[in-house]
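Here is what each chain is made of, one letter per residue.
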Amino acid sequence: DGGITQSPKYLFRKEGQNVTLSCEQNLNHDAMYWYRQDPGQGLRLIYYSQIVNDFQKGDIAEGYSVSREKKESFPLTVTSAQKNPTAFYLCASSIVQRANVLTFGAGSRLTVL
Amino acid sequence: SQQGEEDPQALSIQEGENATMNCSYKTSINNLQWYRQNSGRGLVHLILIRSNEREKHSGRLRVTLDTSKKSSSLLITASRAADTASYFCATVWTNFGNEKLTFGTGTRLTIIP
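Note that residues are indexed from 1 along each chain, following the sequence as it is written. Just so you know, chain letters begin at A and ligand numbers begin at 1, following the order they were written in. Side-chain atom pairs in this predicted model are given and counted only at pLDDT of 80 or more, local residue features only at pLDDT of at least 70, and totals for whole chains, interfaces and linings cover all residues. Derived side-chain values reflect all non-hydrogen atoms in the structure, with water molecules and hydrogen atoms excluded from consideration.

K.L.:
Looking at this structure, how should I read the pairing of strand β9 (residues 87-94) of chain A?
P.N.:
Looking down a regular strand, the side chains alternate between one sheet face and the other. All names here are of chain A. Categorising residues by exposure relies on relative accessible area from a 1.4 Å probe, with only protein chains included: less than 20% of the type maximum marks a residue as buried, more than 50% marks it as exposed, and the intermediate range marks it as partly exposed. Strands here mean DSSP runs of E at least two residues long; helices mean DSSP runs of H or I at least four residues long; both are numbered from the N terminus. Counting buried residues in β9 gives 8 out of 8 residues, a clear majority hidden from the surface. Taking every second residue as pointing to the same face, both faces of β9 are buried, with A87, Y89, C91 and S93 on one and F88, L90, A92 and S94 on the other. Strands are treated as partners if at least two bridges between them are detected by DSSP. Of the pairings in the sheet, the one linking strand β4 (residues 31-37) to β9 comprises 7 bridges and is antiparallel in character. Among the inter-strand pairings, M32 is bridged to a residue of β9, identified as S93. As defined by bridge partners, β9 adjoins strand β11 (residues 108-112) across 3 bridges and the pair is classed as antiparallel. The partner of Y89 across the bridge, within β11, is S108.

Take a look at the structure:
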């Protein structure tokens with residue numbers, strides 16, 4: 001089955017620790033995205049990548065980092081510099097030319113203890 | 001900000017009734033999309049309507065777009081318990097030559113059996 005796999009589904013972190021969320025897709029999509037969702041709110045774009053070895057900051061990139069070494073993979077690191085990291089994180093991908101229709105993973109819920 | 005605003009924020013209806021959700025936005029768009037999110041899950045793309053279209057259907061879904069009022073509506077007919085979810089509009093618009101996709105804040109729909 002083609003799709004996007006995010007792991008882990010639930011993650012707990014102590015303050016001051018970096019954590020990395022995994023996102024893998026087998027859809028052969030060129031573009032990949034990371035969004036943050038807070039309770040009762042819409043999605044805010046953290047980072048996106050349209051091609052391997054290239055990525056751009058979204059609206060709320062501070063305290064986050066990404067890499068795009070392979071077309072299939074777009075991991076997100078939540079660093080200790082992110083002051084309020086507890087949130088639901090969603091990875092998505094798209095065929096760049098298809099009017100930005102996104103396919104989403106199931107999400108990762110990060111809780112800072 | 002281009003962020004769409006959905007109205008109402010929450011909606012509860014009896015199974016079998018029709019559900020209508022509205023989305024308003026601020027600047028000209030290339031297209032508008034609707035997504036569904038079940039609790040704790042990723043978003044699923046439902047339907048896309050282009051800026052030169054006024055109405056589109058997909059199964060029990062009907063989407064309208066009024067670019068003069070900068071608004072869209074999503075109608076779900078003959079609602080089912082499985083339609084219980086949050087619904088988000090997303091606008092695709094051009095900002096300084098770059099296409100951007102911005103999500104609204106969502107409508108939480110509850111179908112009462």
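K.L.:
Would you explain the packing of aromatic side chains in this entry?
P.N.:
To describe a pair of aromatic rings, you give the distance between the ring centres and the angle between the ring planes. Think of it this way: a Phe, Tyr or Trp ring, Trp meaning its six-membered ring, pairs with another when their centres are within 6.5 Å, and the plane angle makes it stacked under 30 degrees, edge-to-face over 60, tilted otherwise. In this structure the tally under the stated criterion is 9 aromatic pairs over all chains. Ring plane angle 70° and centroid distance 6.1 Å describe the contact between F104 of chain A and F103 of chain B, whose orientation is recorded as edge-to-face. Residue F104 of chain A is located in strand β10 (residues 103-104), and its partner F103 of chain B is located in strand β10 (residues 98-103); the two belong to separate chains. An identical accessibility class is assigned to F104 of chain A and F103 of chain B; each is buried. These aromatic residues form a ring-pair network of at least three members: Y33, Y35, Y48 and F104 of chain A together with Y35 and F103 of chain B. The ring of F74 of chain A has R68 of chain A lying over it, and the distance from NZ or CZ to the ring centre is 6.0 Å. Lysine and arginine charges are scored as sitting over a ring when NZ or CZ, respectively, is within 6 Å of the ring centre and within 35 degrees of the ring normal.

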